[in-house]
Amino acid sequence: MKAAVYTKYGPPEVLEIKDITKPVPNEKEVLVKIHTVAATIADSRVRAANFPAGLGFMAKLVFGITAPRKQVLGSSFSGVVESVGSEVTKYKQGDEVFGMTGTKFSAYAEYLTISEGSSVAHKPSEISHEDASALSFGGTTALYFLRDVAKIKSGQTILINGASGAVGTNAVQLAKYFGAKVTAICSTKNIDLVKSLGADKVIDYTKENYLDTEDNYDFVMDAVGNMKTDEATSKLNPQGKFLLVVGDLKGMLKAAFSKNILQGTSPEKKEDLEFLADLMKDGKLKAIIDSTFTLDQIVEAHHKIDSGHKVGNIVIKV
């Protein structure tokens, strides 16, 4: 089968299209023929070994110290079940599914295997493969921080930094779904988009510093990783919380000893995928797709990610 493979860390050009062995599902796995996969900032960071400050060595212990241990990236996929293992009961050949493979990656390929008990769910027919693969990565992260970590409630206020990204576009919509009042930070060209997602107020960071505004918030959410913790926490109401979605070692240590800094790693759960899919099916959540590439254009897709100017998600058609 065809896959995008990389055997060393580096720029997008380390990704090459090669023929590799088609996986075979064990008794508890399903074999999925991939239709689409999201190309994410997580893929880019691992590809380039560009990890947050202080976390490089620990990350390489997971992903490979001198070279990548998993040579096929991609985690947020959508496709059709090709075959199932002998003990699989929840899925059958022909089922449309979507899901996440986590640090196992392997979705930049024509096929992958995944355990039926892991983060994979039936894809509603009302949702396209493109939207399903775009939904997973940013959607599950935003849901985890807003619902599970912050436990955000109706009437509370939140400032979302990076509101036009994969996590941010979902965070704006989900915060509004939970009844919060949303102030979003983005650039001039994305103001209309972010407003269309439900933001009550938008701060254009090219013209205004959020620190210079009079507003304080119940939550400040950094979906980019460029906020200084001391500055962000200065904009909190009493008992407010800073949601550190992307943090370096210094930020993580601060969070460990602070009551108003919250961080964590989003778990990948089937139930969360189903929750998000139901919202999308009901028109309460939409996937924002910047651009679509073919698998043969994977290098171009990663250059777009690395530019820092993508809006929402990049989708690869396999």
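In this text the structure is predicted, and so the values were computed from the model without any measurement.

**Describing the overall build of the protein chain**
Each helix and strand counted, the protein chain has nine helices and 15 strands in total. Expected size for 318 residues packed as a compact globule is a radius of gyration near 20 Å; at 19 Å, the protein chain falls within 12% of this value. Seen through its principal axes, the protein chain has C-alpha atoms that stretch 60 × 45 × 35 Å. Counting all 318 residues of the protein chain, 53% fall into the buried class. In the protein chain, of all internal contacts separated by at least 6 residues, the share reaching a separation of at least 24 is 68%. As displayed, the protein chain has an accessible area near 14000 Å², and 50% of this comes from carbon and sulfur atoms.

**Looking at the nonpolar core**
The biggest cluster of nonpolar side chains holds 51 residues, and the ones touching the most others in it are Leu146, Ile158, Ile160, Val172, Met221 and Leu243. Sorting the residues of this core by element identifies strand 5 (96-100), helix 3 (129-149), strand 8 (157-161), helix 4 (166-177), strand 9 (181-186), helix 5 (191-196), strand 11 (217-222) and helix 8 (270-281) as the ones contributing at least two each. Sorting elements by how many residues they give to this core places helix 3 first, with 10 residues. Ala39, Tyr91, Ile298 and Ile314 belong to the second-largest nonpolar core, a separate cluster that totals 40 residues.

**Some points on the pattern of salt bridges**
All chains considered together, the criterion is met by 12 salt bridges. Its salt-bridge partner being Arg147, residue Asp272 comes within 2.8 Å of it at the nearest N-O pair. Of this pair, Asp272 sits in helix 8 while Arg147 sits in helix 3, placing them 125 residues apart in sequence. For Asp278, the salt bridge goes to Lys281, with nearest N and O atoms at 3.8 Å. Here Lys281 and Asp278 lie together in helix 8, a separation of three residues that amounts to about one turn.

**Description of the environment of Leu243**
In this fold, Leu243 is placed in strand 12 (residues 236-244). According to the relative accessible area criterion, Leu243 is buried, its value standing at 0%. C-alpha of Leu243 to C-alpha of Leu146: the two residues are 97 residues apart in sequence and 8.6 Å apart in space. With near-sequence residues (within four places) excluded, Leu243 lies in contact with Phe145, Leu146, Val149, Ala150, Ile158, Phe219, Val220, Met221, Asp222 and Leu262.

**So, the layout of surface pockets**
Taken as a whole, the second largest pocket holds about 380 Å³ of empty space. Thr101, Lys104, Phe105, Ser106 and Thr113 are the residues nearest the centre of the second largest pocket, which is lined by 19 residues in total. For the lining of the second largest pocket, the element with the highest residue contribution is strand 6 (residues 111-115), accounting for five residues. For the lining of the second largest pocket, the class distribution of residues is 10 nonpolar, six polar and three charged.

**Let's talk about the packing of helix 3 against helix 4**
With their axes 8 Å apart at the nearest point, helix 3 and helix 4 run at an angle of 50 degrees to one another. When the interaxial angle is binned, helix 3 and helix 4 end up oblique. The element helix 3 and its partner helix 4 pack so that their crossing is right-handed. Where helix 3 abuts helix 4, its residues Leu135, Phe137, Gly138, Gly139, Thr141, Ala142, Leu143 and Leu146 lie against Ala166, Val167, Asn170, Ala171, Leu174 and Ala175.

**Remarks on the packing of aromatic side chains**
Across all of its chains, the model carries six aromatic pairs by this definition. A centroid spacing of 5.2 Å and a plane angle of 80 degrees characterise the contact between Tyr144 and Phe145, whose relative ring orientation is edge-to-face. Since its relative accessible area comes to 16%, Tyr144 is described here as buried. Ring centres of Tyr177 and Phe275 lie 6.2 Å apart, and the angle between their planes is 75 degrees; this geometry places the pair in the edge-to-face category. Of the two residues, Tyr177 is situated in helix 4 and Phe275 in helix 8; the sequence distance between them amounts to 98 residues. Assessed through its relative accessible area of 24%, Phe275 is described here as partly exposed. A cation over an aromatic ring shows up here: Lys22 above the ring of Tyr111, its NZ or CZ 4.2 Å from the ring centre. Positioned above the aromatic ring of Phe275 is the side chain of Arg147, whose terminal nitrogen or guanidinium carbon lies 5.5 Å from the ring centre.

**Thoughts on the sheet that holds strand 10 (residues 201-204)**
Spatial ordering of the open sheet is given by 10-9-8-11-12-13, a layout of six strands whose pairing is parallel. Each edge of the open sheet is held by one strand with a lone partner, namely strand 10 and strand 13 (261-263). Going from strand to strand, the sheet's axes swing by 20 degrees on average, the running direction of each strand aside. Of the strand pairs in this sheet, strand 8 and strand 9 are connected by five bridges, and their pairing is parallel. Bridge assignment links Ile160 to a residue of strand 9, and that residue is Ala184.

Cut-off values and rules
- Residues numbered from 1 in each chain as written.
- Predicted model: local features only at pLDDT ≥ 70, side-chain atom pairs only at ≥ 80, totals over all residues.
- Heavy atoms only, no water.
- Helix = DSSP H or I, 4+ residues; strand = E, 2+ residues; numbered from the N terminus.
- Rg over C-alpha atoms; globule rule 2.2 N^0.38 Å.
- Buried < 20%, exposed > 50% of the residue type's maximum accessible area, 1.4 Å probe, protein only.
- Contact = heavy atoms within 4.5 Å.
- Areas by Shrake-Rupley, 256 points an atom, 1.4 Å probe, with all protein chains shown as cover.
- Core = buried A, V, L, I, M, F, W, Y, C linked by side-chain atoms within 4.5 Å.
- Salt bridge = Lys/Arg side-chain N within 4 Å of Asp/Glu carboxyl O.
- 1 Å grid on protein atoms, 1.4 Å probe; cavity = no way out; pocket = protein on both sides within 12 Å on 5 of 7 lines; lining within 4 Å.
- Points joined across faces, edges and corners; volume = space filled by probe spheres on them.
- Nonpolar A, V, L, I, M, F, W, Y, C, P; charged D, E, K, R; others polar.
- Axes fitted to C-alpha atoms, helices over the stretch in contact; angles between N-to-C directions.
- Parallel < 35°, antiparallel > 145°, perpendicular 65-115°, else oblique.
- Left-handed = near helix turned anticlockwise from the far one by under 90°.
- Phe/Tyr/Trp six-rings, centres within 6.5 Å; stacked < 30°, edge-to-face > 60°.
- Lys NZ or Arg CZ within 6 Å of the ring centre and 35° of its normal.
- Pairing = 2+ DSSP bridges.

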